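# Understanding the architecture of this molecule
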6 protein chains.
Amino acid sequence: MRNIVVTDPPRADAGDAEALGRFGVATVHEALGRVGYLGPELRPAWPGARIGGTAVTVLCWPGDNLMIHVAVEQCRPGDVLVVATNSPSTDGLFGELFATALAHRGVRGVVLGCGVRDVAELREMGFPAWSRAVSAQGSVKATAGAVNVPVVLGGQTISPGDVVVADDDGVLVVPRGDVPRALTASQARIEKEAASRAAFQEGQLGLDRYGLRDELPRFGLEYVSYQTWAGER
Amino acid sequence: MRNIVVTDPPRADAGDAEALGRFGVATVHEALGRVGYLGPELRPAWPGARIGGTAVTVLCWPGDNLMIHVAVEQCRPGDVLVVATNSPSTDGLFGELFATALAHRGVRGVVLGCGVRDVAELREMGFPAWSRAVSAQGSVKATAGAVNVPVVLGGQTISPGDVVVADDDGVLVVPRGDVPRALTASQARIEKEAASRAAFQEGQLGLDRYGLRDELPRFGLEYVSYQTWAGER
Amino acid sequence: MRNIVVTDPPRADAGDAEALGRFGVATVHEALGRVGYLGPELRPAWPGARIGGTAVTVLCWPGDNLMIHVAVEQCRPGDVLVVATNSPSTDGLFGELFATALAHRGVRGVVLGCGVRDVAELREMGFPAWSRAVSAQGSVKATAGAVNVPVVLGGQTISPGDVVVADDDGVLVVPRGDVPRALTASQARIEKEAASRAAFQEGQLGLDRYGLRDELPRFGLEYVSYQTWAGER
Amino acid sequence: MRNIVVTDPPRADAGDAEALGRFGVATVHEALGRVGYLGPELRPAWPGARIGGTAVTVLCWPGDNLMIHVAVEQCRPGDVLVVATNSPSTDGLFGELFATALAHRGVRGVVLGCGVRDVAELREMGFPAWSRAVSAQGSVKATAGAVNVPVVLGGQTISPGDVVVADDDGVLVVPRGDVPRALTASQARIEKEAASRAAFQEGQLGLDRYGLRDELPRFGLEYVSYQTWAGER
Amino acid sequence: MRNIVVTDPPRADAGDAEALGRFGVATVHEALGRVGYLGPELRPAWPGARIGGTAVTVLCWPGDNLMIHVAVEQCRPGDVLVVATNSPSTDGLFGELFATALAHRGVRGVVLGCGVRDVAELREMGFPAWSRAVSAQGSVKATAGAVNVPVVLGGQTISPGDVVVADDDGVLVVPRGDVPRALTASQARIEKEAASRAAFQEGQLGLDRYGLRDELPRFGLEYVSYQTWAGER
Amino acid sequence: MRNIVVTDPPRADAGDAEALGRFGVATVHEALGRVGYLGPELRPAWPGARIGGTAVTVLCWPGDNLMIHVAVEQCRPGDVLVVATNSPSTDGLFGELFATALAHRGVRGVVLGCGVRDVAELREMGFPAWSRAVSAQGSVKATAGAVNVPVVLGGQTISPGDVVVADDDGVLVVPRGDVPRALTASQARIEKEAASRAAFQEGQLGLDRYGLRDELPRFGLEYVSYQTWAGER
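Residues numbered from 1 in each chain as written. Chains lettered and ligands numbered in written order. Predicted model: local features only at pLDDT ≥ 70, side-chain atom pairs only at ≥ 80, totals over all residues. Heavy atoms only, no water.

Broken down by element type, chain A carries eight helices and 13 strands. Each principal axis of the C-alpha distribution contributes one length, and for chain A these read about 70 × 40 × 35 Å. Per-residue burial over chain A gives 64% buried out of 233 residues. With an accessible surface of roughly 7700 Å², chain A has 48% of that area assigned to carbon and sulfur atoms. (Helix = DSSP H or I, 4+ residues; strand = E, 2+ residues; numbered from the N terminus. Buried < 20%, exposed > 50% of the residue type's maximum accessible area, 1.4 Å probe, protein only. Areas by Shrake-Rupley, 256 points an atom, 1.4 Å probe, with all protein chains shown as cover.)

Here the focus is the packing of aromatic side chains. One pass over the full model with this rule turns up 24 aromatic pairs over all chains. An angle of 20 degrees between the planes, with centres 6.1 Å apart, marks the rings of Phe 94 of chain C and Phe 127 of chain C as stacked. Of this pair, Phe 94 of chain C sits in strand β5 (residues 92-94) while Phe 127 of chain C is found in the loop between α5 (119-125) and β7 (129-134), placing the two residues 33 residues apart along the sequence. Like Phe 127 of chain C, Phe 94 of chain C is buried. Arranged with centres 5.9 Å apart and planes meeting at 45 degrees, the rings of Tyr 226 of chain D and Trp 229 of chain D form a pair that is tilted. On the criterion of helical spacing, the pair formed by Tyr 226 of chain D and Trp 229 of chain D is a turn pair, its members being three residues apart in helix α8 (residues 226-232). With a relative accessible area of 9%, Trp 229 of chain D lands in the buried category. Here the aromatic cluster, defined as three or more aromatic residues joined through ring pairs, consists of Phe 94, Phe 98 and Phe 127 of chain A. One residue, Arg 218 of chain D, lies across the ring of Phe 219 of chain D, its end atom 4.7 Å from the ring centre. (Phe/Tyr/Trp six-rings, centres within 6.5 Å; stacked < 30°, edge-to-face > 60°. Lys NZ or Arg CZ within 6 Å of the ring centre and 35° of its normal.)

Attention now goes to the relation of the copies chain C and chain A. With an RMSD of 0.0 Å, chain C superimposes on chain A once it is rotated by 120 degrees and translated 0.0 Å along the axis. Considering both components of the superposition, the chain copies are consistent with a three-fold axis. Residue Pro 47 of chain C, judged by its C-alpha, is the member of chain C lying nearest the rotation axis, at 6.2 Å. (Least-squares fit on C-alpha atoms with pLDDT ≥ 70 in both.)

The next point concerns the interface of chain E and chain C. Taken together, the contact pairs eleven residues of chain E with eleven residues of chain C. Taken together, both faces of the contact between chain E and chain C bury some 680 Å²; the carbon and sulfur share is 59%. Interface area lost by chain E to chain C is led by Met 1, Arg 34 and Val 152 of chain E, which between them contribute 48%. Here chain E is connected to chain C by zero salt bridges. (Contact = heavy atoms within 4.5 Å. Buried area = accessible area lost by both parts, 1.4 Å probe. Salt bridge = Lys/Arg side-chain N within 4 Å of Asp/Glu carboxyl O.)

Moving on, we get to the interface of chain C and chain A. Taken together, the contacts link 39 residues of chain C with 45 residues of chain A. Between chain C and chain A the total buried area reaches about 3500 Å² when both faces are included, carbon and sulfur atoms providing 59% of it. Contact with chain A buries area across many residues of chain C, yet Phe 219, Tyr 226 and Trp 229 of chain C alone supply 17% of it, more than any other trio. Counting the contacts that link chain C with chain A gives seven salt bridges.

All names here are of chain F. Axis separation between helix α1 (residues 14-23) and helix α6 (residues 179-201) bottoms out at 10 Å; the angle between their running directions is 30 degrees. By the angle class used here, α1 and α6 are roughly parallel. Remark: the crossing between α1 and α6 carries left-handed chirality. From α1, Asp 16, Ala 19, Leu 20 and Phe 23 reach across to α6, where they touch Val 179, Ala 182, Leu 183, Ser 186, Gln 187 and Ile 190. (Axes fitted to C-alpha atoms, helices over the stretch in contact; angles between N-to-C directions. Parallel < 35°, antiparallel > 145°, perpendicular 65-115°, else oblique. Left-handed = near helix turned anticlockwise from the far one by under 90°.)

Excluding glycine, a negative phi dihedral is what most residues carry, and trans is how most peptide bonds are arranged. Backbone geometry places Asn 148 of chain A, a non-glycine residue, at a positive phi of 65 degrees. Its location among the elements puts Asn 148 of chain A in the loop between β8 (146-147) and β9 (151-153). Here Asn 148 of chain A falls in the buried class, since its relative accessible area comes to 0%. The phi angle at Arg 34 of chain C is positive, at roughly 60 degrees, despite the residue not being glycine. Judged by its relative accessible area of 26%, Arg 34 of chain C falls in the partly exposed class.

Okay, the relation of the copies chain E and chain C next. Placing chain E over chain C gives an RMSD of 0.0 Å and needs a rotation angle of 180 degrees, together with 0.0 Å of translation along the axis. Both copies are brought into coincidence by an operation consistent with a two-fold rotation axis. Every residue of chain E has its C-alpha some distance from the rotation axis, and the shortest such distance is that of Gly 155 of chain E, at 2.9 Å. Looking at the interface residues of chain E, 100% of them are also at the interface in chain C, so both copies use one shared face.

What follows covers helix α1 (residues 14-23) of chain A. Of the positions making up α1 of chain A, those classed as buried are Ala 17, Ala 19, Leu 20, Gly 21 and Phe 23 of chain A. Two or three places before Gly 15 of chain A, at the opening of α1 of chain A, Asp 13 of chain A has a side-chain oxygen 3.0 Å from that residue's backbone nitrogen. (Polar contact = N/O pair within 3.5 Å; in protein donor to acceptor, adjacent residues only side chain to side chain.)

What follows deals with the pattern of salt bridges. When the charged atoms of two side chains with opposite charge come close together, those side chains can pair. Evaluation of the coordinates by the stated rule reveals 108 salt bridges over all chains. For Arg 34 of chain A, the salt bridge goes to Glu 30 of chain A, with nearest N and O atoms at 3.2 Å. The partner of Arg 2 of chain E in a salt bridge is Glu 222 of chain F, with the nearest N and O atoms 3.6 Å apart. Here the residue Arg 2 of chain E occupies a position in the segment before β1 (4-7), and Glu 222 of chain F occupies one in strand β13 (residues 222-225), the pair thus bridging two chains. Arg 2 of chain E sits in the partly exposed class, given a relative accessible area of 39%. Assessed through its relative accessible area of 37%, Glu 222 of chain F is described here as partly exposed.

Within the secondary structure, Ala 103 of chain B sits in helix α4 (residues 96-104). In the structure, Ala 103 of chain B is positioned 23 residues away from Gly 126 of chain B in sequence and 9.7 Å away in space, judged by C-alpha atoms.

With that settled, the discussion passes to the side chain of Arg 11 of chain C. All names here are of chain C. With respect to the helices and strands, Arg 11 occurs in the loop between β1 (4-7) and α1 (14-23). Arg 11 gets classed as buried once you look at its relative accessible area, which sits at 16%. Side-chain polar atoms of Arg 11 contact the backbone oxygen of Pro 9, separated by 3.4 Å. A polar side-chain atom of Arg 11 sits 2.6 Å from a polar atom in the side chain of Asp 79. Contacts of Arg 11, omitting those with residues within four sequence positions, involve Thr 54, Val 56, Gln 74, Cys 75, Arg 76, Asp 79, Gly 161 and Arg 176.

Have a look at this one:
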């Protein structure tokens, strides 16, 4: 592993990141063609937050948060801190003091492939965090890692400057180059969903709205009354 | 797997299902002799809901929600949608739009052996969901399955028309034929528990209330003072 | 396994236990040199509680809560009940009725290596519980175990009379003999953290506050501009 | 749970069960339309066994093997013992002495939803076992359960007398009524697979053999040379 | 955590340890009253080894094997190295070179709460290892820990000089003070098991041999013929 | 997800890949600076294989092996097939017939982020496979994916043409551009390890060989005799 801090990577536009955040994880994920989701293991430390920001990435040794200290200095308003460890660990590398420092710098939240602690304090501060675990286990500062290199988290590659969207459904990455397309496609999807929602509230069925009913025979689906079915058993 | 939709299965009485829902999962589980619980992996998407309803069952291919579209049409007021996948999957096959359609039809909630998404929206709508995971991962509609056949979820067999009870403790199935017994036994248990609660609030011990104290010698249990015990080590 | 109930073990001072509870899990864990944490698998049944108390320990057979009935009688005001099973189990050995009995005795909460049930009722009562699972699965009363012997939970040994601290970050044990040191060190840490918090709110960096900046060369860390880094790839 | 021993349930034909065993898990699973597999968590205690037999089912309390003692008496030549626990447990309810007793009765193997022990001895005896865990943890004999009632294991319902097939790929259940169809379909599949194997050994592609190549456009699949693809990035 | 190496702890007798090893994990576990088993997560790196030795304990930081280097020097013939990490980690802290050094010193094997690597080489050397994971992930040497202090592994406390028994069923600890009792009780159990084995080979049933048949009514167990049972459903 | 097959990606040299395979996973991982390991969850289907080859990558929908059929045609002698699914799945997408087709094309093995089946047959054929699970669960061919695009597996990005090394320790990726460095560094490491092995066989300690002894005071490590330590407790 090269022990390196990459400074001033280009970021996606902060306003665009915020706009994607407002759309939410599920919408942007679908809009981009069902890609970029970091999976069900990254959960919010407290419910109800929804953010979008630009990634500052950190790669830490397990049980060691030295590089988060290094990374704080690289953060700007509108960023989201993204912390990976280079092997599986649940230790709580991040807590309230880091959140205080990041909030001062205008950072919108943190995503951790390991653990988070001070959950009650983070909730009270309103500082959002997503992580694989909640753990009070403390860290040393003994081994270097890297800041602002591409990291893999939840099966996705996150490069510095990419947009990170996170809410109660988990975390999504939008590569910097895909942001314009994500904005347009999310807006289109939100409109389409609003129309579907209105239709469903009136009682229309997805089978009809999405043209699935005509395709059912192709799937070999039979409809059988309960009486017939029960009689055949 | 037979690709089949069984229509109009007989359901347990909707009022009975609602009554069992009011008793809650732990009470009905105990009342029936400690059976029917779907295990600790099915968790509520948001806390505080408590429901009882009649099962409409769905069997989906992993990553594919085609059959949920088919199942919506089979739902009636008082039903609970129960979704199994035929191999392990955490994908978010169900979200807010399905909830909108089901709410219109009077469905009381959903139980998923896979993932759920749009958690913030479901909480806001007050539509209850229990699932093995929260995941924004989207689905295709490419492979058929079945609706209203018996499915296995959390180690329990759920047949269409059975009663499903769910709350913060998880999910329980009551086979349709056991509903009358469940109602009677749950009512008896709730009364017994109320008496125990009152006794415990006054300071009575379970050892005495349940007649356990006299049985302790049979278990070979010794009482030793700390001093004696510490001296023996 | 010796089937034994040890009576009247010496406890840490109840006021000291309460004071450690107010410091919280992460603070006391760090103050003692990063020891005693029961790991990320023990989670609160409902968010927001923070307690400190003296341990009454119970060792149960999986699926059997007989010994909890025995243990209730051994509890005093200021205690925390700590329940281990002698092999892995998620069954819900503890619920609202036990909580009622313990609340009457002035017990501050429960920590379970297995499952808990009646979560909605516990939240309503304000009785705090930490456990490895939420499960409605009921228990028998058929096999003896032990009360007030040392148990292992979450990789930590807990002896009767030790202090247990628990909050949204999980659960911590402080051996009875370490309580005075824990109090002093926690007070010192809270003051140091308050100073750091104030400094971070003003914009100071951890790199500077903790003297890490001068040590970075020792770690072999290089700073490279994005342009240089991107050019090298 | 009703504490019951059902005696002399009808079994599938022992020769048919043995024949299905020779086909193996994957072949019979496919032949029946991809149903009946107990999932990846049930693993062989030692590699290389392949069996088919008729199920004698047991439902035990976790940590308690009383009912296995009861079940041994119900076993006949050609049977496979199938043990479920009524909540999750890894305890080693079964070992070499049970295997000795079952081998004497002509039983072909054991399938356990919990743990197995004496693995070295079972391997030496050549007695096959599949289980969710290997665990030396011992059991009590304190709580009743049931023998020869339908049990759920690995998401499948297994009734007494059903055929159980098991090998290095795991465990499969064939409901008694499906055995004739399973035999015919497995024989057909084995012949089809032999033809495919021969073709693949000669270099034919599955794309051509299964007629998939013509369907690829329907899936929207594009072929792009590396040069073009790399140029577009 | 106190960073300490405790030198020359008293060990259980090496011959006694070896004798317990020959009895094997399941036998000694039962003989001692079903205590001391480290659970199903510690698995052998290769099948077929069975050892008994005296523990030299190590506590490492996750991802850091510095203390194993320190511990090698503390090992003597007949020892077993026992490595715990102070938070969950799967990293491969131990491999072939350590095994070479330990084999030279007459050490009988290693037990790791984390990962092991060089599995093929260990199998070829015949050096036994039990671990929670196999992982090639390499380590740093940057943070101190402890040698020969009590550690917790798999829910058991292991003190230096205790006997560790390990085979294909996992790992067991016998506290130094319990070794004489373990030897006697294991010998008795092995004789009792030999008699039971012989009886089972002749067709006796456990129900009769262990006097369970007369107790069945107490458990409320009913015997029902299949015909009656099927008729009642 | 773009549904695309990238044809004829440049590969690392086949001889170099084979040479890296001979070094093995742990050696190459260390030689490159402890990077590229796919983690402890990818396990060999049978023990004893050790390979190196060039990656052909596949991205499949869960439960669907259509794209493996497409990928076979893209494979050449010296390749290793690498299969990822775009959400978590254990289904057995690969078995003996695919192995037959790949063996004909000179492919050296397969790495699967999901399940494998026909384990007995693969072992008999000597076709190596690494996977997250063994599962007989069968697949459909209903949804497209991609071939020869970068995939993420076990937290590592694998691009087509990269070298994949796999043995009993798991799986490692060496990016194509790093192959020359990997060869040189692995050769150097193997020589260094041979020297260390010889020294350890003679009884030298790692503490001395690696110059750690002089650094121990920096870590604050104390040596205390057992008597002193026991006296202080």
